[in-house]
Structure formats: structure tokens, C-alpha cells
Amino acid sequence: RTKIILDKMKRKLIKQGLGGVTVTLPIKWIRELNLDAGAEVEVNETEQGILISSETLAGKKKTKELVLKKEEQGRLRTILSSLYRQGYDEITLNFESSFSLSEITKIVESLLGYIITEQTEKKIIIKNAFKDDFEEINTIISKMFITTTFFLKQISDYLNGEKIKEEELSNLRNSIIKLRDYAQRMINVQQFEKEKSYEYHLLIFTLEKIASSGNNFISQKKKIKPTIIKELEEIIDYLVELQ
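Residues numbered from 1 in each chain as written. Predicted model: local features only at pLDDT ≥ 70, side-chain atom pairs only at ≥ 80, totals over all residues. Heavy atoms only, no water.

Section: the overall build of the protein
Then, number 1: Secondary structure assignment for the protein yields 7 helices and 8 strands.
Then, number 2: The 243 residues of the protein split such that 35% are buried.
Then, number 3: Within the protein, contacts between residues at least 6 apart in sequence are counted, and of these 64% link residues at least 24 apart.
Then, number 4: When the accessible surface of the protein is summed, it comes to about 16,300 Å², and 50% of that surface belongs to carbon and sulfur atoms. (Helix = DSSP H or I, 4+ residues; strand = E, 2+ residues; numbered from the N terminus. Buried < 20%, exposed > 50% of the residue type's maximum accessible area, 1.4 Å probe, protein only. Contact = heavy atoms within 4.5 Å. Areas by Shrake-Rupley, 256 points an atom, 1.4 Å probe, with all protein chains shown as cover.)

As C-alpha cells, then:
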């Protein structure tokens, strides 16, 4: 994507060796396009003068190719979710040994927008089907608050003897993980809030960990004090007030 800065400004030419000169670029433009020292820009001669432009990171597709050993396949969910949150659009997985397509499909389906577009005996290609036209981050976080609160309520009822299927609790837990990954991907791709992005990541991480604690209570039913769920709900209420 080419972005033209319409503001007029003057810059001095700085003399360099062998008769060459350099000119500095506006720091606002550099930061907006997320450029670093060494990055390439296009310099085009037009009828109106010299046009300097850059293809932004948002306009580039991030791709990754991996070679997975048999012992690494157990960590595939962690690997793919990490690449997803970093904003990768295409991932090629090369396998040194046989793999379970059903397991990989299940992992890919848990990452909103990812689909398997190609598969051979030793290779799988995963692409992002979304246009990354994300919802507002505050909307996603609100969904996480609502889903996590409801999840804890369901667990509380379950621990108190209510007839709630563990499968339903598992589905709620998976929904929270999807929202977490989606929100973190959005923050990274859009460079949301830039310097303040850490605070959003921390909030999302905290909500997911609260849900994770609730999920662990299912397997420890007899050891859980009734007040623990209440305490987690109070933490969520406190986080809501901090927003």
C-alpha cells in the first residue's frame, strides 16, 4: 500500500562523500509506517516532483515455513497459535514423519480465520481467510468478560451438583481461548495502542488464566472451596472497573 503524506514541509540536503547528498524523512511518517533503519522506500520521479513511498507492514503478507520433527508435533497447537497471534497469513508445515490430519484440522479450526488450503503426504499449507477487518478491540474484550463470567457461573453450578455436561464447559473454555488468540492477533496486526498494547495483552492474558483456573476446578471437584469461584468473579468485577 502506498501512502502519501499531504503536509508540506522543508528538509535540508546533507552533504555526503563523493558528491552525494541525503535528506531526512519526517519522524511522524516513519513511525506511522513502522519503518526502521535499513528499510527500503520507493523513490519515483513524477510530473509534480519526487514521490517517496513505502509498502507498509499491513500491506504485506506474513508467511512462515516450518519443518516439524515427530517429537515437535505434540507442540503444534502452541506453535500455530503463537504464529496466529503474531499475525502470520500463511504457514507451510513440512513433516518429517506421518501426522494426524484430524488433529491438525481441529487445531486450525480453533484459530478464527485459518483454513487448510493444501495437503500432501508430507506437507500442509494453512492460510488466513479473513481480510483482517477486525472488530474493535474493546468489543472483543467485552465478549471475553461476558463469556468468562458465564463460564465461572456454569462451573459454580456444576460444583454445586447442577446437571451440566462437561462438554458444554469445555466448549465455553475453547471459546475463551479463541477470543484470546483473536484479540492478540488483532492487537499485533493493527499495532493497536502501540505503547499501551502491553496493557491490553495483560488484560486478555489475565481473563484467559481466570478461565483456565475455573477449568482446572472440574478435575479437583472435591478439593475446591465454594468461595474460590466467588473470589474469581470479584477479580473480574475489579477488572471491569479498571477499563
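Focus: the pairing of strand 8 (residues 123-128)
Then, number 1: In this structure, strand 6 (residues 90-95) lies alongside strand 8, joined through 5 bridges in antiparallel fashion. Within the sheet, the bridge partner assigned to Thr92 lies in strand 8 and is Ile125.
Then, number 2: The pairing of strand 7 (residues 114-119) with strand 8 spans 5 bridges and is antiparallel. Paired with Tyr114 across the two strands is Asn128, which belongs to strand 8.
Then, number 3: The hairpin formed by strand 7 and strand 8 contains 3 residues between the paired strands. (Pairing = 2+ DSSP bridges.)

Looking at helix 2 (residues 76-85)
Then, number 1: Of all 10 residues that make up helix 2, 7 are buried, and the element is covered over most of its length.
Then, number 2: Residues of helix 2 that are buried include every one of Leu76, Ile79, Leu80, Ser81, Leu83, Tyr84 and Arg85, and no others.
Then, number 3: For helix 2, the secondary structure elements touched by its buried residues are strand 5 (63-68), strand 6, helix 3 (101-109), strand 7, strand 8 and helix 5 (166-190).
Then, number 4: Once helix 2 finishes, Gly87 follows within two positions and takes phi at roughly 95°, a positive value.

Some points on the packing of aromatic side chains
Then, number 1: Per the counting criterion, the structure on display carries 3 aromatic pairs.
Then, number 2: Here the basic side chain of Lys62 rests over the ring of Tyr88, its NZ or CZ set 4.5 Å away from the ring centre.
Then, number 3: For Arg185, the ring lying beneath its charged end belongs to Tyr84, and the centroid distance is 5.0 Å. (Phe/Tyr/Trp six-rings, centres within 6.5 Å; stacked < 30°, edge-to-face > 60°. Lys NZ or Arg CZ within 6 Å of the ring centre and 35° of its normal.)

Re the nonpolar core
Then, number 1: With 49 residues, the main nonpolar core has Leu80, Ile91, Leu93, Tyr114, Ile126 and Ile137 as its most contacted residues.
Then, number 2: Among the elements that take part in this core, helix 4 (residues 137-159) stands out by supplying 9 residues, more than any other.
Then, number 3: Not counting residues up to four positions away in its chain, the partners in contact with Ile91 are Lys64, Leu80, Leu83, Tyr114, Ile124, Ile125 and Ile126. (Core = buried A, V, L, I, M, F, W, Y, C linked by side-chain atoms within 4.5 Å.)

Focus on a nonpolar patch on the surface
Then, number 1: A cluster of nonpolar side chains, contributed by Leu25, Val41, Val43 and Ile50, occupies part of the molecular surface with about 330 Å² of accessible area.
Then, number 2: Relative to the assigned elements, Leu25 resides in the loop between strand 2 (21-23) and helix 1 (27-32).
Then, number 3: Judged by relative accessible area, Leu25 falls into the partly exposed class, the value being 30%. (Patch = residues over 30% accessible without salt bridge, like charges linked within 9 Å, V, L, I, M, F, W, Y side chains within 5 Å. Salt bridge = Lys/Arg side-chain N within 4 Å of Asp/Glu carboxyl O.)

Comments concerning the pattern of salt bridges
Then, number 1: Applying the stated criterion across every chain, the model contains 10 salt bridges.
Then, number 2: With a shortest N-O distance of 3.3 Å, Asp181 and Arg77 are connected by a salt bridge. In this pair, Asp181 sits in helix 5 while Arg77 sits in helix 2, placing the two residues 104 residues apart along the sequence.
Then, number 3: The partner of Arg185 in a salt bridge is Asp89, with the nearest N and O atoms 3.4 Å apart. Here Arg185 is found in helix 5, whereas its partner Asp89 is found in the loop between helix 2 and strand 6, with 96 residues between them in sequence.
Then, number 4: Salt bridges sharing partners connect three or more residues here, namely Arg77, Arg85, Arg173, Arg180, Asp181, Glu208 and Lys209.

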